[in-house]
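Each chain, letter by letter, is given below.
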Amino acid sequence: MNDMTPHADGTVIRAEALAKTYAEGKMKTPVFDGLELAVEAGETVAIVGASGAGKSTLLHLLGGLDTPTSGEVFVAGQQMSKLSNSARGQLRNRALGFVYQFHHLLPEFTALENVMMPVALGGQDMATAKQRAAALLEQVGLGHRLEHKPGELSGGERQRAAVARALVNRPACVLGDEPTGNLDEKTAATVFDLMLELNRAQKTSLVLVTHDRRLAARLDRTLELHQGKLRPIVL
Ligand SMILES: Nc1ncnc2c1ncn2[C@@H]1O[C@H](COP(=O)(O)OP(=O)(O)O)[C@@H](O)[C@H]1O
Ligand SMILES: [Mg+2]
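Residues numbered from 1 in each chain as written. Chains lettered and ligands numbered in written order. Predicted model: local features only at pLDDT ≥ 70, side-chain atom pairs only at ≥ 80, totals over all residues. Heavy atoms only, no water.

**Student:** Tell me about the sheet that holds strand S1 (residues 11–24), and name the residues and values.
**Tutor:** Strand order in the open sheet formed by four strands is S2-S1-S4-S5, and the pairing between neighbours is antiparallel. The sheet is open, and its two edges are formed by strand S2 (27–40) and strand S5 (78–79), each paired on a single side. Judged from the five bridges that link them, S1 and strand S4 (residues 70–75) form a sheet pairing that is antiparallel. By the bridge assignment for S4, Ile13 is matched with Val75. (Pairing = 2+ DSSP bridges. Helix = DSSP H or I, 4+ residues; strand = E, 2+ residues; numbered from the N terminus.)

**Student:** For the site of ligand 1, give the residues involved together with the corresponding values.
**Tutor:** Close contacts around ligand 1 come from Tyr22, Glu24, Val31, Ala50, Ser51, Gly52, Ala53, Gly54, Lys55, Ser56 and Thr57, and that covers them all. Take Ala53: an N or O atom from its main chain is 3.3 Å from an oxygen atom of ligand 1. Out of a free accessible area of 560 Å², ligand 1 has 62% covered by protein chains. Listed by contribution, the elements that provide at least two residues to the shell around ligand 1 are S1 and helix H1 (55–62). Take the shell around ligand 1: its biggest share by element is three residues, from H1. (Near = heavy atom within 4 Å. Polar contact = N/O pair within 3.5 Å; in protein donor to acceptor, adjacent residues only side chain to side chain. Areas by Shrake-Rupley, 256 points an atom, 1.4 Å probe, with all protein chains shown as cover.)

**Student:** Give me the environment of Leu230: which residues, what numbers.
**Tutor:** Structurally, Leu230 is set in strand S10 (residues 229–233). Sequence separation between Leu230 and Leu65 is 165 residues, and the spatial gap between their C-alpha atoms is 20 Å. Excluding anything up to four places from it in sequence, Leu230 contacts Leu35, Glu36, Leu37, Ile47, Leu58, Leu223, Glu224 and Leu225. (Contact = heavy atoms within 4.5 Å.)

**Student:** Outline the nonpolar core, listing residues and values.
**Tutor:** Val99, Leu137, Val140, Val163, Met195, Leu206 and Leu219 are the most contacted members of the largest nonpolar core, which has 38 residues in total. For this core, the secondary-structure elements that each account for two or more residues are strand S3 (44–48), helix H3 (111–121), helix H4 (126–139), helix H5 (155–167), helix H6 (185–202), strand S8 (205–209) and helix H7 (213–216). Examining the composition of this core, we find that seven residues originate from one element, H6, more than from any other. When neighbours within four sequence positions are excluded, Val163 is seen to be in contact with Val99, Val191, Met195 and Leu198. Core analysis: the second largest hydrophobic core is formed by 32 residues, Val12, Val31, Leu96 and Leu223 among them. (Core = buried A, V, L, I, M, F, W, Y, C linked by side-chain atoms within 4.5 Å. Buried < 20%, exposed > 50% of the residue type's maximum accessible area, 1.4 Å probe, protein only.)

**Student:** With reference to specific residues and values, describe the sheet that holds strand S7 (residues 173–177).
**Tutor:** Neighbouring strands of a sheet are bound in pairs by backbone hydrogen bonds; such pairs are parallel or else antiparallel. Sheet architecture is open: six strands sit in the order S6-S7-S8-S3-S9-S10, paired in mixed fashion. The sheet is open, and its two edges are formed by strand S6 (96–99) and S10, each paired on a single side. If you compare each strand with its neighbour and ignore which way they point, the axes differ by 20° on average. When S6 meets S7, the two strands line up parallel, connected through four bridges. Looking at S7, one finds that Val99 is bridged to Gly176. Lying over the sheet, H1 contacts S3, S6, S7, S8, strand S9 (221–226) and S10, oriented at roughly 155° with respect to S7. Each of S6 and S7 is contacted by helix H2 (residues 85–95), which is oriented at about 75° to S6, the strand it contacts most. (Axes fitted to C-alpha atoms, helices over the stretch in contact; angles between N-to-C directions.)

Structure below.
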């Protein structure tokens, strides 16, 4: 499979009978129970819901960053709970990309180094990592900012670098948790357009948590997380 090959058809992320209850001592916080989700290859899905509904918790479970109380998550056909920590980490690096509200770029590294990192962690040589990272940074309009550290970039530029980092391994799916939530409206729209454009070009699926229903309406479908369940809504 060369770099330009679209991902195989099928379901990229599936959640089955997913339940999560946070337990801190005697305090129990049920977030959801019996949640079902299937995201198809290339599909873009918005998740909306009130603050505290469990949107971030859901993305953490889908991304294998937290474990469900019961139920299963499958990523690229692999059952997350059956993998060792290191296999789960590798699958996450290969098959998923993450973009958060705050960029989470490493402050002491340049934009280029930040975007190279997932490629190098995937076992590619440095020359390949550098070439792919530079090409993607060019695509997100940061070709002139390769050597800048996150602190030397604007908010919008930092999010664009984070988008480049999320996509650099050509993941099957990008998980975004309010990726434009910390930007002014105009910059948010630019970053959002860029994410949609790159996802469509790479045929990458996108699961995007947003409170902005206008942005949500531009994805293939919208699900609302309400009382622990996902339900389709029409915007
Ligand atoms: N680590 C945690 N321990 C206990 N409760 C938590 C933890 N993280 C989140 N919660 C609770 O779970 C619920 C869902 O949180 P979250 O997934 O962050 O919601 P959202 O992203 O939709 O705003 C909230 O009521 C929150 O207080
Ligand atoms: Mg949240």
